[in-house]
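As a plain string of letters, each chain reads:
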Amino acid sequence: MMLNNKHALVTGGGTGIGLAIAQTLAANGAEVTITGRRTEVLEAAASDVIHPLVMDVCDEASVSKGIAFAVAARGPIQICVPNAGIAEGKSILKTDLEFWRNMMATNLDGAFLTIRESLKSMTQTDWGRVIAVSSIAGVRGLKGAPCYSATKHGLLGLIRSLSADYATKPYTFNALCPAYVETEIITRNVTSIMERTGLPEDKARALMTDMNPHGRLITVQEVADAALWLCGDNSGSVNGQDIRIAGGEI
């Protein structure tokens with residue numbers, strides 16, 4: 001149980017990638033605080049070692065108070081996983097400022113606030129990991145989703161700068177960059193494609209599956225295991241990296 005006595009914080013931890021990471025860290029000994037806006041979703045994911053916390057990453061006061069509460073309850077945040085985000089495509093000519101600002105507030109401001117508040121306690125300890133969940137869209141840009149891609153590129157810039165700032169300290173900062181992952185987002189996207197195009201479900205799904213070079217969707221456990229490795233022994237020299245879990249996508 002290599003993470004005994006470690007406190008992890010996972011935003012958007014009630015479903016999908018966030019939940020898989022939370023469960024994997026907990027299975028390896030961590031006490032995990034999961035956050036989100038939906039009480040019922042968080043409570044359904046909770047266990048003896050996974051603790052729900054209602055928190056809105058877009059709200060500075062909510063993040064500050066929420067993380068302070070988690071630290072008081074379970075000790076310093078030593079594993080910070082800013083995962084909460086919105087994944088939605090829209091062409092730039094159909095993107096109004098409200099859509100742009102909402103996605104920036106969730107995907108980028110939310111990660112910034114989560115990391116900043118977590119570092120306040122992490123930097124009082126002798127070990128720490130920040131593992132942001134970005135996307136392959138943060139590395140190459142995603143056709144039809146310039147706003148989403150911009151947020152994920154911004155997240156990589158934040159992670160790389162922090163890795164430079166703390167390079168001589170016992171904390172690392174990395175980003176996971178998965179391609180299309182089997183989550184409820186895929187289900188929603190399949191429905192949207194079917195409604196827009198009239199395609200049957202299998203062909204709508206194939207439009208996303210075929211974007212991954214190995215011809216299948218990434219599993220949430222593949223992403224979670226990458227996060228776990230970044231918390232393991234001999235991972236301390238991996239810092240400031242975009243780790244692509246993408247079936248060969250570059």
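Please refer to the structure placed before this passage.
Cut-off values and rules
Every chain begins its residue count from 1, and numbering advances along the sequence as written. Side-chain atom pairs in this predicted model are given and counted only at pLDDT of 80 or more, local residue features only at pLDDT of at least 70, and totals for whole chains, interfaces and linings cover all residues. To get the side-chain values, take all heavy atoms of the structure and skip hydrogens and water. Think of it in three bands: with a 1.4 Å probe and only protein chains considered, a residue is buried below 20% of the maximum accessible area for its type, exposed above 50%, and partly exposed in between. Labels follow the DSSP assignment, with helices taken as runs of H or I lasting at least four residues and strands as runs of E lasting at least two, numbered in each case from the N terminus. In this description, contact between two residues means that some pair of their heavy atoms is separated by no more than 4.5 Å. Whenever two N or O atoms come within 3.5 Å, that pair is a polar contact, provided that in protein one can donate a hydrogen and the other can accept it, and provided that, for residues adjacent in sequence, both atoms are side-chain atoms. Strand pairing requires that DSSP identify at least two bridges connecting the strands. Every angle, taken between N-to-C directions, lies between 0 and 180 degrees, and every axis is a line fitted to C-alpha atoms, over only the stretch in contact when it is a helix. Criterion for a salt bridge: a side-chain nitrogen of Lys or Arg within 4 Å of a carboxyl oxygen of Asp or Glu. Working definition: roughly parallel below 35 degrees, roughly antiparallel above 145 degrees, roughly perpendicular at 65 to 115 degrees, and oblique for all remaining angles. If you view the pair so one helix is near and one far, a crossing is left-handed when the near helix is turned anticlockwise from the far one by less than a right angle, and right-handed when it is turned clockwise. Residues are grouped as follows: Ala, Val, Leu, Ile, Met, Phe, Trp, Tyr, Cys and Pro are nonpolar; Asp, Glu, Lys and Arg are charged; all remaining types, including Gly, are polar. Throughout this description, the term nonpolar core refers to a set of buried Ala, Val, Leu, Ile, Met, Phe, Trp, Tyr and Cys residues connected via side-chain atoms within 4.5 Å.

### Considering helix α9 (residues 220–230)
Residues V223, A224, A226, A227, L228 and L230 constitute the buried set of α9. Along its buried surface, α9 packs onto α1 (16–27), β5 (128–133), β6 (171–178) and β7 (242–245).

### Examining the side chain of T172
Residue placement: T172 occurs in strand β6. Side chain to side chain, T172 and R129 meet in a polar contact 3.4 Å long. Excluding residues that lie within four positions of it along the chain, T172 makes contacts with G128, R129, V130, G236, V238 and N239.

### Remarks on the sheet that holds β7
With parallel pairing, seven strands are arranged side by side in an open sheet as β3-β2-β1-β4-β5-β6-β7. Of all strands in the sheet, those with a lone pairing partner are β3 (50–54) and β7, marking the two edges. Neighbour to neighbour, the strand axes of the sheet diverge by 20° on average, direction disregarded. Bridge count for strand β2 (residues 31–36) against β3 is five bridges, and the pairing is parallel. Counted as the bridge partner of I34 is P52 from β3. This element, α9, spans β5, β6 and β7 of the sheet and lies at about 165° to β6.

### Brief notes about the pattern of salt bridges
With the rule as written, the count across this model stands at eight salt bridges. E60 is the salt-bridge partner of R116, the closest N and O atoms lying 2.8 Å from each other. Here the residue R116 occupies a position in helix α4 (residues 97–122), and E60 occupies one in helix α3 (residues 60–74), the gap between them amounting to 56 residues. Judged by its relative accessible area of 45%, E60 is partly exposed. Of the charged contacts in the structure, one is a salt bridge between E184 and R188, with a shortest N-O distance of 3.5 Å. Taken together, the residues E184 and R188, both in helix α7 (residues 184–197) and four residues apart, mark about one turn of the helix. Judged by relative accessible area, R188 falls into the partly exposed class, the value being 47%. Each member of the salt-bridge network shares a partner with another, and the members are E60, R116, E117 and K120.

### Thoughts on the packing of α1 against α9
At a minimum axis separation of 8 Å, α1 and α9 run at an interaxial angle of 50°. Classified by the angle between their axes, α1 and α9 sit oblique to one another. Between α1 and α9 the crossing geometry is right-handed. Of the residues in α9, those touching α1 at G16, I17, A20, I21, T24 and L25 are V220, Q221, V223, A224, D225, A227 and L228. When grouped by side-chain class, the residues that make up the contact of α1 with α9 number nine nonpolar, three polar and one charged.

### Describing the nonpolar core
Counting 35 residues, the largest nonpolar core has I21, L25, V32 and I79 as its most contacted members. Sorting the residues of this core by element identifies β1 (7–11), α1, β2, α2 (39–45), β4 (77–81), β5 and α9 as the ones contributing at least two each. Of all the elements, α1 adds the most residues to this core, at seven residues. If sequence neighbours within four positions are ignored, I79 has contacts with L3, K6, H7, A8, L9, L25, M122, W127, R129, I131 and C231. Residues A70, A111, L119 and V130 belong to the second largest nonpolar core, which totals 24 residues.

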